[in-house]
Amino acid sequence: MSPDLLAELLDQRRVALEALPGVIGTAVGAGGGARGGEPAIHLYVTRDADARRVRAEADRLLEGAPVELIEMEMPEAQPD
C-alpha cells in the first residue's frame, strides 16, 4: 500500500486508534523487520500496553493495512 493511501487511511481512523489503551501517537513510516522498509502505519505504544489487544483492534480498524507497534516512553515536555 502506498504511503499516500496509508496516510489517508490513518487520517480517517486516527481518533479511534489514539483512543486505544496505551497508544500515545501515530504516523506513517517505513516498516522494519519482515516488512523490509515497506510503508506501514506506526502505532506508538507505552511499554505496559497490551500489544495483542492493540494490534487486534488496529487490524480491525485498519482493515488489514500494514501496522507496526513501536514501544516508547511517554514524551515529557522539557523546560525552556
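What you see is a predicted model; the values in this text were computed from it and never measured.

Chemist: What's the story with the sheet that holds strand β2 (residues 39-45) in this structure? I'm lost.
Modeler: Think of a sheet as strands paired side by side through backbone hydrogen bonds, with each pair either parallel or antiparallel. Taken together, three strands build an open sheet; the order of strands is β1-β2-β3 and the sheet is mixed. Lying at the two open borders of the sheet, with one neighbouring strand each, are β1 (23-30) and β3 (67-71). Taking the axes of each pair of neighbouring strands and ignoring which way they run, one obtains an average angle of 25 degrees across the sheet. With five bridges connecting them, β2 and β3 associate as parallel partners. Counted as the bridge partner of L43 is L69 from β3. Packing of helix α1 (residues 3-18) onto the sheet brings it into contact with β1 and β2, and relative to β1 it is tilted by some 175 degrees. Its contacts with the sheet place helix α2 (residues 51-62) against β1, β2 and β3, and it is angled at close to 150 degrees to β3.

Chemist: Is there a simple way to think about α1 in this case?
Modeler: An α-helix turns once per 3.6 residues; consequently, residues spaced three or four apart project the same way. In this model, α1 (16 residues) spans only 19 Å end to end at C-alpha, well below the 22 Å of a helix rising 1.5 Å per residue. Buried within α1 we find L6, L9, L10 and L17. Contacts made by the buried residues of α1 are with β1, β2 and α2.

Cut-offs and rules
Note on numbering: residues in each chain are counted from 1, in written sequence order. Only residues with pLDDT of at least 70 are given local features in this predicted model, and only at 80 or more are side-chain atom pairs given and counted; all residues enter the totals for whole chains, interfaces and linings. Neither water nor hydrogens contribute to the side-chain values; these are computed over all heavy atoms in the structure. Two strands are said to pair when DSSP picks up at least two bridges between them. A run of DSSP states H or I qualifies as a helix once it reaches four residues; a run of E qualifies as a strand once it reaches two. Both are numbered from the N-terminal end. Axis lines are fitted through C-alpha atoms, for helices just across the contact stretch, and the angle between N-to-C directions can take any value from 0 to 180 degrees. Every residue pair with non-hydrogen atoms within 4.5 Å of one another is taken to be in contact. Multiply 1.5 Å by the residue count of a helix minus one, and that product is the helix's expected span. For the exposure calls, accessible area comes from a 1.4 Å probe over protein chains only, and a residue counts as buried if that area is under 20% of its type's maximum, exposed if over 50%, partly exposed in between.

By themselves, these observations are geometric and do not establish any function.
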